Each structure stands twice: as C-alpha cells, then as structure tokens.
Amino acid sequence: MADSSDRVATGPAVGRGSGRGWPVHPLDRRLAAVARRHPGRPALRSAGEVWTFAEWNAAVDRLAGELAGRLGAGRHVVAVASTLDVHFAIAYYAVLRSGNVIAPVNPLTRPEALERLLATADVRLALLPAAMADAVAAARPRLPALGSVLVLADAVANAGSAPVPAVASVPGDLASILFTSGTTGPPKAVRLSHRNLSANAAQVAWAHGLDTTAVAANTLPTYHPMHLNSAMSVAAEQVLIGMGDPVGAIDTARDAGATHVYGLPVMFSRLAEDPRLGSLVLPTARLIASGGSALAPPTAERLARHFGVPVVQGYG
C-alpha cells in the first residue's frame, strides 16, 4: 500500500479540488479501480466500436493471464506496437498486470531499426501487427532473447481465461522501456518506473484539464502512452481517429462530443488551409493541442479564432 509519500499530486482538474491525488500504484491497477467505479462508462471508441471501462479491464485481465502463462515469473520485456486502436490500449496494461515491462514500439519503424530496438531492450515477447510480426520472425535467429512473436490483434482476440498473477510491484520498479525518437542519434532506451508513469499521467491530466467529463479525440498516427495513461487515469473517454482527411477527423470529433483534440502540426496546417474550414464546428471543445514538431503560430491563431478555443503547442 502506498503511503503519503507515494501519491501523485493533482490540481483541481484531476483531483476535484481535493489536492490529494491518487496513490502511485501501477497504472493497470488504476484502470481496475476506474473500471470498478465507472463500469458502464464508454472508455474507448474506434471505428464504430465502443468499449466500456469494465470491458476494457476484463480484456486486460484475459491477456495478462495469457502473457503470464507464456513468460512465467520474472520481469521480462514485452514489445508492443503502439497502433492507434484498442489492441494497444489492452496490451499496454496487460503487460504491466502480468508483472512484466512494456516497451512500446512505433509501428512505422523500419525492420532493421526495429531489430536493433528489440535487441537493445532484450525483448522476450513481441506483440505486433501481422506485417511487422513477419519481419521480426524472419530476424529471430539474430535475436536470441526473443521467444515469441505474436500478432497483436490475434493475441487480444484469442486470450483465454488463465488466472491473472498477483504482482507485488512497488512505485520504483521498472515498468516501461520507452525509445527516444532518434533526433540526436540512434534511438535510446529510456527506463521508466511505475512512479514515472503515474506522475506523467497526473501531470498531463492536470495541465490539459482532463476529468471524468472529458472526451479526448486522438488524431495522431500512433498511440502515445502520454495520452493513453492521462485519459484513463481520470476516467475520460478516448476517441481514436487517426490521421487522414483532417475535415473528416474534425467531423468525427464533433459527433463524439470531443472536449480535447490532439493531432500533429501537418494535420492542423492542412486543416487551416482547407476551403471547408468555414463549415466546421467543435461546439464541445475546450482545447486543441499539437505536438511532435513545431506548429506555425499563424496556423494556431487561425484555428483558435475559428473554433473559439485555445490551440496550443505541446512537445515539439
């Protein structure tokens, strides 16, 4: 049990003004707590599919049992492709719940670079889209630590009802290996603890004003744990849209009642120049946030004037 020194401080948007925050437990336990409190609330929407918090948590249990059965005891590294869909959202917490370490990998990574990442992190099991899994399977002779390569969607769909292990992680335990983008050289493997992940989730939720009434629309090409963890931790609904036609993305966000819209500068630049912009509305929006690279100030100003909400530059 976490004591008062192992709590994430929160502001009014997260802690409802209490200032007490939540205990620094592994985030899979946070998901279980949110699912108990809000079982029927929509948690994930993607391509017309809706998952409640209870359904999400149950799927995490099933996959966690499957992973524990395959890997046995120990804190093994499991690589999971960060595809913008419910499969990554399930696998992310299932790896933690099984007592292992999650290593998200960009699904757009070239095969030779992916092989290097898997070797660097000493990955024992990989959950990847089919094409990516085939490429890694071909490289397995050069990856002696890698025991299994599974297709991510199939692993989620076929997970049985094996018992979920009782994991006694503490806040300082290693939870994730996150690879840098490689701007200053080859990507580096950064070790993150459960405390790191919980603190980041609380900080992002507070800074962005996420709470139980929020609907976060994600139009990014991949699923970043920052968005996944912050929204889950405050029981906010997530709408997974992905990159494509920017007008279509805004229409989807509008129909979902989005309060927060996340995207890349390239999407917002296209949107600002699109002749259809004048017909677009986001009546429930509180914030539009851009990250990944620099957003041109004229683009941010034009969209802020049109939608009547702040358009902010995040990391980048």
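Cut-offs and rules
- Residues numbered from 1 in each chain as written.
- Predicted model: local features only at pLDDT ≥ 70, side-chain atom pairs only at ≥ 80, totals over all residues.
- Heavy atoms only, no water.
- Helix = DSSP H or I, 4+ residues; strand = E, 2+ residues; numbered from the N terminus.
- Buried < 20%, exposed > 50% of the residue type's maximum accessible area, 1.4 Å probe, protein only.
- Core = buried A, V, L, I, M, F, W, Y, C linked by side-chain atoms within 4.5 Å.
- Contact = heavy atoms within 4.5 Å.
- Arc of directions from axis to C-beta.
- 1 Å grid on protein atoms, 1.4 Å probe; cavity = no way out; pocket = protein on both sides within 12 Å on 5 of 7 lines; lining within 4 Å.
- Points joined across faces, edges and corners; volume = space filled by probe spheres on them.
- Nonpolar A, V, L, I, M, F, W, Y, C, P; charged D, E, K, R; others polar.
- Pairing = 2+ DSSP bridges.
- Right-handed = clockwise from strand over helix to strand, strands pointing away.
- Axes fitted to C-alpha atoms, helices over the stretch in contact; angles between N-to-C directions.

Engineer: How do you make sense of unusual backbone geometry when you look at a structure like this?
Structural biologist: Among all residues except glycine, the phi angle is most often negative; among peptide bonds, the trans geometry is most common. The residue Ala 47 is not glycine, and still its phi comes out positive at about 50°. Counting through the fold element by element, Ala 47 comes out in the loop between β3 (42–46) and β4 (49–52). According to the relative accessible area criterion, Ala 47 is exposed, its value standing at 83%. Phi angles above zero are rare outside glycine, and Ala 235 is one such case at about 60°. Among the structural elements, Ala 235 can be located in the loop between α9 (225–233) and β12 (237–240). The class of Ala 235 is buried, set by a relative accessible area of 2%.

Engineer: Is there a simple way to think about the nonpolar core in this case?
Structural biologist: Considering soluble globular proteins, one finds that nonpolar side chains tend to be buried as a cluster. Counting 43 residues, the largest nonpolar core has Trp 56, Leu 63, Val 80, Tyr 93 and Leu 127 as its most contacted members. Looking at this core, the elements with two or more residues in it are α2 (27–37), β3, α3 (53–71), β5 (77–81), α4 (86–97), β7 (123–128), α7 (152–158) and α9. Element by element, the count of residues in this core is highest for α4, at ten residues. Residue contacts for Tyr 93: discarding those within four places in its chain leaves Leu 27, Asp 28, Leu 31, Trp 56, Val 60, Leu 228, Asn 229 and Met 232. If you look at the next biggest cluster of nonpolar residues, it comprises 23 residues, including Ala 81, Leu 128, Val 136 and Ala 139.

Engineer: Help me out: how do you make sense of the environment of Val 247 in this one?
Structural biologist: Take Val 247: it is sitting in helix α10 (residues 246–255). You can call Val 247 buried: its relative accessible area is 5%. As for Val 247 and Thr 284, which are separated by 37 residues in sequence, their C-alpha atoms are 17 Å apart.

Engineer: What's the story with helix α12 (residues 297–307) in this structure? I'm lost.
Structural biologist: Because each turn of an α-helix spans 3.6 residues, side chains separated by three or four positions end up pointing in the same direction. Listing the buried residues of α12 in full gives Thr 299, Ala 300, Leu 303 and Phe 307. Taken end-on, α12 shows its buried residues confined to a sector of 95°, consistent with a single buried face. Turned more than 90 degrees away from the buried face of α12, the exposed residues are Pro 297, Pro 298 and Arg 305. Buried-residue contacts for α12 involve α10, α11 (265–273), β14 (287–290) and β15 (311–313).

Engineer: Explanation requested: empty space enclosed by the protein in the structure shown.
Structural biologist: To find the voids left in a structure, one rolls a probe of water-molecule size over its atoms. Applying the stated criterion to the full structure yields two cavities of 30 Å³ or more. Computed from the structure, the largest cavity encloses a volume of approximately 60 Å³. Around the largest cavity sit Leu 210, Ala 216, Ala 217, Asn 218, His 227, Ser 230, Ala 231, Gln 238, Leu 240 and Tyr 262, which together line it. Mapped by element, the contributors of at least two residues to the lining of the largest cavity are β11 (215–218), α9 and β12. Among the residues forming the lining of the largest cavity, the class breakdown is six nonpolar, four polar and no charged. Approximately 30 Å³ is the volume attributed to the second largest cavity. Along the walls of the second largest cavity sit Met 243, Gly 244, Asp 245, Pro 246, Ala 249, Met 267 and Arg 270, which together make up its complete lining. Residue assignment for the lining of the second largest cavity shows that the elements contributing at least two residues are α10 and α11.

Engineer: What is the right way to look at the pairing of β5 in this model?
Structural biologist: If a strand is regular, its side chains alternate between the two faces of the sheet. Extensive coverage of β5 is indicated by the burial of five of its five residues. The alternating pattern of β5 places Val 77, Ala 79 and Ala 81 and Val 78 and Val 80 on opposite faces, both of which are buried. Note: β5 against β7, four bridges, orientation parallel. Bridged to Val 77 within β7 is Val 123.

Engineer: Explain the pairing of β7 to me, please; I cannot follow it from the model alone.
Structural biologist: The element β7 is extensively covered by neighbouring structure, given that five of its six residues are classed as buried. Each parallel crossover has a hand, and for β7 linked through helix α6 (residues 130–138) to strand β8 (residues 148–151) it is right-handed.

Engineer: I tried to follow the sheet that holds β14 on my own but got confused; where do I start?
Structural biologist: As a general point, the strands of a sheet are linked pairwise by backbone hydrogen bonds and lie either parallel or antiparallel. In spatial order, the strands read β4-β3-β12-β11-β13-β14-β15; together these seven strands make up an open sheet with mixed pairing. Across the chains shown, the open sheet's two edge strands, defined by having one partner strand only, are β4 and β15. When strand polarity is set aside, the average angle formed by the axes of neighbouring strands in this sheet is 20°. Bridge analysis of β11 against β12 gives four bridges, and the strand direction is parallel. Opposite Ala 216, over in β12, you have Gln 238 as the bridge partner. Relative to β12, α9 is tilted by about 145°, and along the sheet it contacts β11, β12 and β13 (260–263).

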